[in-house]
Amino acid sequence: MKITKIMAVAAFLFTAPTIASSEIIPVSKETKEMAASLRDIAIKDDNAYELLKSLTTEVGARHPGTPGEKAGIEWGVKQLQALGFDKVYTEDVKMNGWIRLVETAEILVPSYQKMIITALGRSKSTPEGGLEAQIVHFESYADLEKTADGSLKGKIAFISNRMERLKNGGGYGPANIARSKGHELAAQKGAEALLIRSIGTDDHRNPHTGATNVAMGYTKVPAVALSNPDADQLVRLIAYGHHPKIRLNIQTKDLGAIVTKNVIGEITGRELPEEIVVIGGHLDSWDLGTGAVDDGAGVTIAMATGALIKNNTKMRPRRTIRVILWGAEELGLIGARAYAKARKADGTIAKHIIGSESDFGAGPVYGLQSSDNISTNAIHVIDTMAGIMGELGVTRRSGNTSGGPDMIPLAVLGVPAVNLMQDGTDYFDLHHTPDDTFDKVNPKHMRQNVAAWSVFAYIAAEWPGSFK
Ligand SMILES: [Zn+2]
């Protein structure tokens, strides 16, 4: 048994990669021309926009464990089949579900006012009927850290940090600690609940939900985001010298063990079908909106890219293009982690040549980044892709990348990645809010995205060299 296995490995080593990564393999003239032609077809094609319209209108929100998620998965399978993908299948992923039932808040003192709030992911419930407590204000997570443990007994901790608006979304990470870990810190300080200013850049009365660091069960205390105007209202009240008292009623439910799915469609490679170029987006969404910019746009951009390449190339690309509609991203990259774990276990991780995910809204692509682990002999290929995307307003950018949230588990296992950087200036106005709906999406930007993605996916699948 053992010897057979070693021989098989040896045979693989001697026969498999015909082209060593020590050579510089140019991108052929034909490949460049085909990539440019796909780009020019895509820029006139509304397939992604039409798919997004159908997904957000005929399905709607797709939160794990809900009928909407189930409908979304069925939609994904049906559409990939209708688009002519060679193989369409799903993979089950076990997880724990959570849903919100009731979420209300009111200022009681100094004057009665309703507030617009939403529970953060896996928030614990308040006692039935809610709890009443005074607010204690902290400008940041770091400020709450400085207060003495146990000192907030009978109070609600309120963190009011603001997220900075940046084109590349760079304001999100620093602000997000209040959302992800604030509940633990509030509990440590003795608070009854955590209230945060939404992690978002808008001034609309829409709260932004989002995951906490809890994978199953509940947060340590009820954890809630206020709409930004409501958070600012509380800050002003406190600045006047008031000690606002609020009533907070959060009722949520742990659904226990549920099954979500990754939905996969493939355009089978003509020469190296076992070698995989991964593109995709996440099919699940938060429950408040209809998941248009997060991440219906990414899902439909990837689907339309696969279909466009299949329908407009004389020969299939050399490698397989695997379009993955990831499951349960919002609750912690659950589908992506399961996918990577399974590929590590069965050894096919090494056949994942390069990948990327579209998960930053529906804004236009302006930059192309590549991961640091891409071979120096393959950098020219990424440069070539950026060059062909140039007409779309895309330029080559420095900086490392994992290729998007759902690519992280694959990147950790060494899969090279690119990032098609989107203009996210307005993304965090909508992200995780009831306002994440189809009307916000510009069809011209969707076409531009598919054009850029087609260049990447086609060249990655066609160029015969190794990215590693
Ligand atoms: Zn997303």
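A. Highlighting the environment of N449. Looking at the element boundaries, N449 is found in helix α13 (residues 443-462). N449 sits 152 residues away from A297 along the chain, and the two C-alpha atoms are 9.5 Å apart.

B. Fine view of the domain arrangement of the protein. You can read the domains of the protein as domain 1 (23-86 + 268-462) and domain 2 (100-254). For domain 1 versus domain 2, the separation of C-alpha centres amounts to 34 Å. In this complex, domain 1 contributes 20 residues to the contact, which on the side of domain 2 involves 22 residues. Taken together, the two surfaces of domain 1 and domain 2 that pack against each other cover about 1700 Å², and 57% of this comes from carbon and sulfur. Counting across the interface, domain 1 meets domain 2 through 3 salt bridges. Here D426 makes a salt bridge to R165, at a shortest N to O gap of 3.6 Å. Inspection of the region where domain 1 meets domain 2 yields 9 residue pairs in polar contact (both at pLDDT 80 or more). For the side of domain 1 that touches domain 2, the residue count by class is 8 nonpolar, 6 polar and 6 charged.

C. Summary view of the side chain of H282. In this structure, H282 sits in strand β9 (residues 272-282). Overall, H282 belongs to the buried group, its relative accessible area being 0%. In terms of polar contacts, H282 uses its side chain to reach the side chain of D359, at 3.2 Å. Excluding its chain neighbours within four sequence positions, the residues that come into contact with H282 are D294, D295, V299, W326, E329, E330, E357, D359 and D406.

What counts and how
Numbering of residues begins from 1 in every chain and follows the order in which that chain's sequence is written. Only residues with pLDDT of at least 70 are given local features in this predicted model, and only at 80 or more are side-chain atom pairs given and counted; all residues enter the totals for whole chains, interfaces and linings. Hydrogens and water are ignored here; the side-chain numbers use all heavy atoms of the structure. A helix here means a DSSP run of H or I that spans at least four residues, while a strand means a run of E at least two residues long, and both kinds are numbered starting from the N terminus. Delimitation of the domains relies on an automatic or database domain assignment. Residues are treated as being in contact if the distance between any of their heavy atoms lies within 4.5 Å. We define buried area as the total accessible area lost by two parts upon association, computed with a 1.4 Å probe and summed across both. Any carboxyl oxygen of Asp or Glu that lies within 4 Å of a side-chain nitrogen of Lys or Arg is treated as forming a salt bridge with it. Two N or O atoms form a polar contact when they lie within 3.5 Å of each other; inside protein one atom must be a possible hydrogen donor and the other a possible acceptor, and for residues adjacent in sequence the pair counts only when both atoms belong to side chains. The classification used treats Ala, Val, Leu, Ile, Met, Phe, Trp, Tyr, Cys and Pro as nonpolar, Asp, Glu, Lys and Arg as charged, and all other residues, Gly among them, as polar. Three labels apply to residues, based on accessible area from a 1.4 Å probe with only protein chains included: buried if under 20% of the type maximum, exposed if over 50%, partly exposed otherwise in between.

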